[in-house]
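Observations on the three-dimensional arrangement
Listed here are the chains, written in short residue letters.
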Amino acid sequence: KYTVVHSRWMNGACTKQISDLAHHIRKNYWNTTRNSTQWTLDKIAPCELPPSYIKYIIMKNDMLHKPIYVITDGEKPDIIQRLQADHIIGKDVYSIPSNVTSVGGDMMLGILANVFIGAPMSTMSGNIARARAALGFHSSTNYLFPLSNQSHNEWEFFCDNDDCLYDSSVLKDYVG
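In this report, we go over the structure that sits alongside the text.

**Points about the overall build of the protein chain**
The helix and strand inventory of the protein chain stands at 7 helices and 8 strands. Scored against the burial criterion, the 176 residues of the protein chain give a buried share of 47%. Put simply, 72% of the contacts in the protein chain that link residues at least 6 apart link residues at least 24 apart. For the protein chain, the exposed surface amounts to about 8,400 Å²; the carbon and sulfur share of it is 53%.

See the structure below:
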């Protein structure tokens, strides 16, 4: 059992692109059963990947003290350093060395993970999530579109079924 975290900084454009997506979702696809004053698409957690966000997800899935592999574009190494410095999950966080990583290998690692935490604006994360859905992994083990509450200490997830992985009205400018 293991978790894969996809860190994708996109030349610094991650938060800007997520802001655009958040605006589109709120305008065109907001689930009216959610209280929109309490929950909003988190524009920081899927880019910065703070330890609190990763811990929330792995604890929710009973994956604490299981390996956490980080696949990355390598643009923001401090993300891995912060995760490895965390006193609860740090010893379980592994980065894939750049001399052995490959797109195909990283994708397979993510596809076969018990839990996948992706970057919503990344083609690779979208493809991993869709491959996982095709292989029968439950949608509750793909984490792409986090909704945060006002205190930013717990999350729900917008894409809580596989349908939104293919819905162009949700993804609008999403290239995945």
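**Focus on the packing of aromatic side chains**
The full count for this structure, using the stated rule, is 4 aromatic pairs. Relative to Trp155, the ring of Tyr56 lies with its centre 5.5 Å away and its plane at 65 degrees, an arrangement referred to as edge-to-face. Placement of the pair is Tyr56 in helix H3 (residues 51-60) and Trp155 in strand E8 (residues 155-157), with a sequence separation of 99 residues. When its relative accessible area of 26% is taken as the criterion, Tyr56 is described as partly exposed. Between the NZ or CZ atom of Lys76 and the centre of the ring of Trp9, over which it lies, the distance is 4.7 Å.

**Here's the deal with the sheet that holds strand E6 (residues 142-143)**
For sheets, the rule is that strands pair by backbone hydrogen bonds, running either parallel or antiparallel. Spatial strand order, E4-E3-E1-E5-E6: 5 strands in an open sheet with parallel pairing. Edge positions in the sheet fall to strand E4 (93-95) and E6, since each has one partner strand and no second. Examined bridge by bridge, strand E1 (residues 3-7) and strand E5 (residues 115-117) share 3 bridges and lie parallel to one another. Bridge pairing in E5 links Thr3 to Val115. Here helix H4 (residues 78-85) sits on the sheet in contact with E1, strand E3 (68-72) and E4, set at roughly 155 degrees to E4.

**Some details on the nonpolar core**
Within the largest apolar cluster, 27 residues are counted, with the highest numbers of intra-cluster contacts made by Val4, Ile18, Leu41, Ile128, Leu144, Phe145 and Leu165. At the level of secondary structure, the elements contributing two or more residues to this core comprise helix H1 (14-28), helix H5 (103-111) and helix H6 (123-134). Membership of the second largest hydrophobic core comes to 20 residues, among which are Tyr53, Ile54, Ile58 and Ile89.

**Remarks on the pattern of salt bridges**
Counted according to the given criterion, the structure contains 6 salt bridges. A network of salt bridges, in which partner residues are shared, links Glu48, Lys76, Asp78 and Arg82.

**Some thoughts on the state of the cysteines**
This structure, assessed with the given rule, holds 1 disulfide. In this model Cys14 forms its disulfide with Cys47; the gap between the sulfur atoms is 2.0 Å. Classification of the bridge connecting Cys14 and Cys47 rests on its S-S torsion, roughly -85 degrees, and on that basis the disulfide is left-handed. Here Cys14, found in helix H1, pairs with Cys47, found in helix H2 (residues 45-48); they are 33 residues apart in sequence, far enough to count as distant. Each member of the pair, Cys14 as well as Cys47, is classed as buried.

**Looking at the environment of Pro50**
The residue Pro50 is located in the loop between H2 and H3 in this model. Between the C-alpha atom of Pro50 and that of Arg82, which follows or precedes it by 32 residues, the distance is 7.5 Å. Leave out the neighbours within four places in its chain, and Pro50 touches Ala45, Arg82 and Leu83.

**Regarding unusual backbone geometry**
A positive phi angle, near 55 degrees, is found at Asp62, a position not held by glycine. Locating Asp62 in the fold gives a position in the loop between H3 and E3. In this structure, His65 is a non-glycine residue whose phi angle is positive, near 70 degrees. Note on placement: His65 falls in the loop between H3 and E3.

**What about the pairing of E3?**
Summarising the sheet, E1 and E3 pair through 5 bridges and their orientation is parallel. Along E3, the bridge assignment pairs His6 with Ile71. The sheet contact formed by E3 and E4 spans 3 bridges and is parallel. Looking across to E4, one finds that Val70 is bridged to Ser95. Traced from E3 through H4 to E4, the parallel crossover comes out right-handed.

What counts, and at which threshold
Residues numbered from 1 in each chain as written. Predicted model: local features only at pLDDT ≥ 70, side-chain atom pairs only at ≥ 80, totals over all residues. Heavy atoms only, no water. Helix = DSSP H or I, 4+ residues; strand = E, 2+ residues; numbered from the N terminus. Buried < 20%, exposed > 50% of the residue type's maximum accessible area, 1.4 Å probe, protein only. Contact = heavy atoms within 4.5 Å. Areas by Shrake-Rupley, 256 points an atom, 1.4 Å probe, with all protein chains shown as cover. Phe/Tyr/Trp six-rings, centres within 6.5 Å; stacked < 30°, edge-to-face > 60°. Lys NZ or Arg CZ within 6 Å of the ring centre and 35° of its normal. Pairing = 2+ DSSP bridges. Axes fitted to C-alpha atoms, helices over the stretch in contact; angles between N-to-C directions. Core = buried A, V, L, I, M, F, W, Y, C linked by side-chain atoms within 4.5 Å. Salt bridge = Lys/Arg side-chain N within 4 Å of Asp/Glu carboxyl O. Disulfide = S-S within 2.5 Å. Right-handed = clockwise from strand over helix to strand, strands pointing away.

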